[in-house]
Amino acid sequence: MVSLQEQLLKAGLVDKNKVKVANQDKSKQKKLERRSGTQTVDETRLAALETQRQNAERAREHNAQRDAAATHKAIEAQIAQMVQKNRQNKGNGDIAYHYTHDNKIERIYVSAAVQEHLVAGRLVIVCQGGVTELVPRIIADKIAERDASMVVRVNKTSTEIDADDPYAAFQIPDDLMW
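All values reported here derive from a predicted model rather than from experimental measurement.

Turning to the overall build of the chain, a few remarks are in order. Across its full length, the chain holds five helices and five strands. Mapped from its N terminus to its C terminus, the chain presents α and β elements in the order α-α-α-β-β-α-β-β-α-β. Out of the 178 residues belonging to the chain, those deemed buried represent 17%. Counting contacts in the chain only where the partners sit at least 6 residues apart, residues at least 24 apart contribute 44% of the total. Roughly 14,600 Å² of accessible area belongs to the chain as shown, and the carbon and sulfur atoms make up 52% of that amount.

Here it is as structure tokens:
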């Protein structure tokens, strides 16, 4: 491989005297550094190292963003698969079941048995991509671990009765419709 000095000489951009002077200056600088024990600061080398460090930092940030996006996409695929495998039939829609989603009151039509399961908390409403599905409570808990914003409605079943409740002695009729 031909050195840069030789290439510049052949191209006629420098002459032998300039090359000789440059080599002498370089050797004087090295001798001075050896004698004094100090090193001169090579600004171009420092600038190159700084640029290299910045590029490495940008590459790390880009890789972290790419990995986060891939993880998010994998989680969405897992949720879609869980919903697809475990969705429940809404039944023959004769009863309107109302719930809130994104500060809006939405409704789905379900059968009486499905409404009973929703009220009891055995079924949960999950909204994925604008489509509402009914899934069992266990599956909804797994979905909420991955992305809680997809679980729309969870009715908590509470069997414990508050001792200070003044209406504890009154029974709620079974046929009461809201």
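Read on for the rest.
Attention now goes to the pattern of salt bridges. Applying the stated criterion to the full structure yields four salt bridges. Taking the shortest distance from any N to any O, the salt bridge between R137 and D141 comes out at 3.9 Å. Of this pair, R137 and D141 are both found in helix 5 (residues 137–146), four residues apart, which corresponds to roughly one turn of the helix. Taking the relative accessible area as the measure of exposure, R137 reaches 23% and is therefore partly exposed. Judged by relative accessible area, D141 falls into the partly exposed class, the value being 40%.

Let us look at the pairing of strand 2 (residues 104–110). Two elements, strand 1 (residues 95–101) and strand 2, share seven bridges in a ladder whose sense is antiparallel. Pairing of Y99 across the sheet is with E106, part of strand 2. Two successive antiparallel strands, strand 1 and strand 2, enclose a turn made up of two residues, where D102 displays a positive phi of approximately 55°.

Next up on the list: the pairing of strand 4 (residues 131–136). Here strand 3 (residues 123–128) pairs with strand 4 via six bridges, running antiparallel. Residue V124 lies in a different strand from strand 4, and its bridge partner there is V135. The antiparallel hairpin formed by strand 3 and strand 4 contains two residues in its connecting segment, where G129 sits at a positive phi of about 65°.

Basis of the calculations
- Residues numbered from 1 in each chain as written.
- Predicted model: local features only at pLDDT ≥ 70, side-chain atom pairs only at ≥ 80, totals over all residues.
- Heavy atoms only, no water.
- Helix = DSSP H or I, 4+ residues; strand = E, 2+ residues; numbered from the N terminus.
- Buried < 20%, exposed > 50% of the residue type's maximum accessible area, 1.4 Å probe, protein only.
- Contact = heavy atoms within 4.5 Å.
- Areas by Shrake-Rupley, 256 points an atom, 1.4 Å probe, with all protein chains shown as cover.
- Salt bridge = Lys/Arg side-chain N within 4 Å of Asp/Glu carboxyl O.
- Pairing = 2+ DSSP bridges.

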